[in-house]
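Remarks on the overall topology
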Amino acid sequence: MQNTAKYGPLWYEYQGKYPFMFQEVFSRTTYSANIDPEVISEAAVQIDEFVVNCYFGEHDCNRSADFVKFFSPYYFNCFTYNAPGGADNSAMSEGIDNGWSSVLFSGSGMLDKNSDIRVLPGLHESRSAVAASEGVRVVIHPPGTIPFPFTEGFDVPPGFSASFGIRPRRIKRIGHPHGNCTNSNPFGTDSERYRVMSCQKMCLQTHIIQECGCKDISLPDPPEGIFVDPVRACRDTSDFPDACMHNATDDCLHKFFALYDRIKCIRDAKDWLTKNTSLMMGCQCFPPCDEIFYDVSYSLSKWPASGYEGNYIVICSSAGSSNCYTLI
């Protein structure tokens, strides 16, 4: 709340004059840049609250063993499901019963039915293409790779059952001297399986740091050793004086303009780099020599259907009978 309070007097004094700037500054990624991710993760949705029930091949999921939590600056807590090794044979069978199925609690209806809930400014930012969406974001990606929910994936609205048909494909490319392919990240991060998208994101980050003198926290951090000095986040507001919580001084306004300029520099650098194919080629983000990707079909049906299990459904999670939800 202290980070929001720093903009309070400026908001009341100048938001009518600079509405576009305030829309840029008030954002989820600004919160993520100024609050310890562990603090945000603790306050964000937890796995036992989010996953009401879960099955893989008609077997119960193990929340502590099958899910890996990772932090997204935009979506906050995200969870990657990894099928247990003993379930590999089920994955080879077709059909919904042999795949992964789950009931997820998005909490979207709480905002509609409870007028006492207050939302922090920026969490539903007006300029974001996805901020107004309810439900969950689903990303299907190869095992051992980093997902990018803001870039790839599907939106599943609340009150619907989503079915994903997945067909894996494997491509093996011929390398030098017949072609350009690689199985390693040119930025030196081999802790995860190589993807072109990961390399391109790091390429963007490197050029943003060079052009703007700061980093975009929505992109992966550059590997250690590329830059000698620590790189601050472009949305970092630690240089705002605490006095800005009480008065909209000229110094506060100048800090605000400098913050907006850094955010604008990110956008300009991204636009320039993505249009400059020769510069992107300089990052040598060649396709993998051995690549797995998925063709995905996606369909929706209303859930639950009228009359299913009566007029309401009570669902309890495996965390205990106290974690029960009534769907009306």
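Structure: see above.
Here's a quick rundown of the structure. Every value quoted in this text rests on a predicted model; they were computed, and no experiment measured them.

Scanning all chains against the criterion turns up twelve salt bridges. Here aspartate 155 and arginine 137 are joined by a salt bridge, their closest N and O atoms 3.1 Å apart. Of the two residues, aspartate 155 sits in strand 7 (residues 154-156) while arginine 137 sits in strand 6 (residues 136-138), which places them 18 residues apart along the sequence. A salt bridge links aspartate 239 to arginine 232, with the shortest nitrogen-to-oxygen separation between them at 4.0 Å. Since its relative accessible area comes to 26%, aspartate 239 is described here as partly exposed. Bridged by salt links that share partners, the residues Arg232, Asp236 and Asp239 form one connected network.

Take a nonpolar patch on the surface next. Judged by side-chain polarity, Phe160, Tyr298 and Leu300 come together as a nonpolar surface patch covering roughly 260 Å² of accessible area. On the secondary structure map, phenylalanine 160 appears in strand 8 (residues 160-172). For phenylalanine 160, a relative accessible area of 38% gives the class partly exposed.

Right, let's talk about the packing of helix 9 (residues 196-212) against helix 10 (residues 250-275) for a bit. Two elements in contact, helix 9 and helix 10, have axes separated by 9 Å at closest approach and are oriented at 125°. In terms of axis orientation, helix 9 runs oblique to helix 10. In the packing of helix 9 onto helix 10, the handedness of the crossing is right-handed. Residues Cys203, Leu204, His207, Ile208, Glu211 and Cys212 of helix 9 lie in contact with helix 10, whose contacting residues are Cys265, Ile266, Ala269, Lys270, Trp272, Leu273 and Thr274. Taken together, the residues of the contact of helix 9 with helix 10 break down into nine nonpolar, two polar and two charged.

A word on the sheet that holds strand 1 (residues 51-56). The antiparallel open sheet is built from three strands, whose spatial order is 2-1-5. Looking at which strands have only one partner, the edges of the open sheet turn out to be strand 2 (59-60) and strand 5 (100-104).

Going through the model one piece at a time under the given rule, you end up with seven disulfides. Disulfide pairing is shown between cysteine 181 and cysteine 289; the S-S distance is 2.1 Å. On the sign convention where negative is left-handed, the bridge of cysteine 181 and cysteine 289, at about 95° about the S-S bond, is right-handed. Residue cysteine 181 is located in the loop between strand 8 and helix 9, and its partner cysteine 289 is located in the loop between helix 11 (277-281) and strand 9 (290-302); the two are separated by 108 residues in the primary sequence. On the basis of relative accessible area, cysteine 181 is assigned to the buried category, the value being 14%. Cysteine 289 gets classed as buried once you look at its relative accessible area, which sits at 17%. Between the sulfur of cysteine 212 and that of cysteine 265 lies a disulfide, 2.0 Å long from S to S. Between cysteine 212 and cysteine 265, the S-S dihedral sits near -95°, and the bridge is therefore left-handed. With cysteine 212 in helix 9 and cysteine 265 in helix 10, this pair connects stretches of sequence that are 53 residues apart. Under the relative-accessibility criterion, cysteine 265 is labelled partly exposed at 21%.

Cut-off values and rules
Residues numbered from 1 in each chain as written. Predicted model: local features only at pLDDT ≥ 70, side-chain atom pairs only at ≥ 80, totals over all residues. Heavy atoms only, no water. Salt bridge = Lys/Arg side-chain N within 4 Å of Asp/Glu carboxyl O. Helix = DSSP H or I, 4+ residues; strand = E, 2+ residues; numbered from the N terminus. Buried < 20%, exposed > 50% of the residue type's maximum accessible area, 1.4 Å probe, protein only. Patch = residues over 30% accessible without salt bridge, like charges linked within 9 Å, V, L, I, M, F, W, Y side chains within 5 Å. Areas by Shrake-Rupley, 256 points an atom, 1.4 Å probe, with all protein chains shown as cover. Axes fitted to C-alpha atoms, helices over the stretch in contact; angles between N-to-C directions. Parallel < 35°, antiparallel > 145°, perpendicular 65-115°, else oblique. Left-handed = near helix turned anticlockwise from the far one by under 90°. Contact = heavy atoms within 4.5 Å. Nonpolar A, V, L, I, M, F, W, Y, C, P; charged D, E, K, R; others polar. Pairing = 2+ DSSP bridges. Disulfide = S-S within 2.5 Å.

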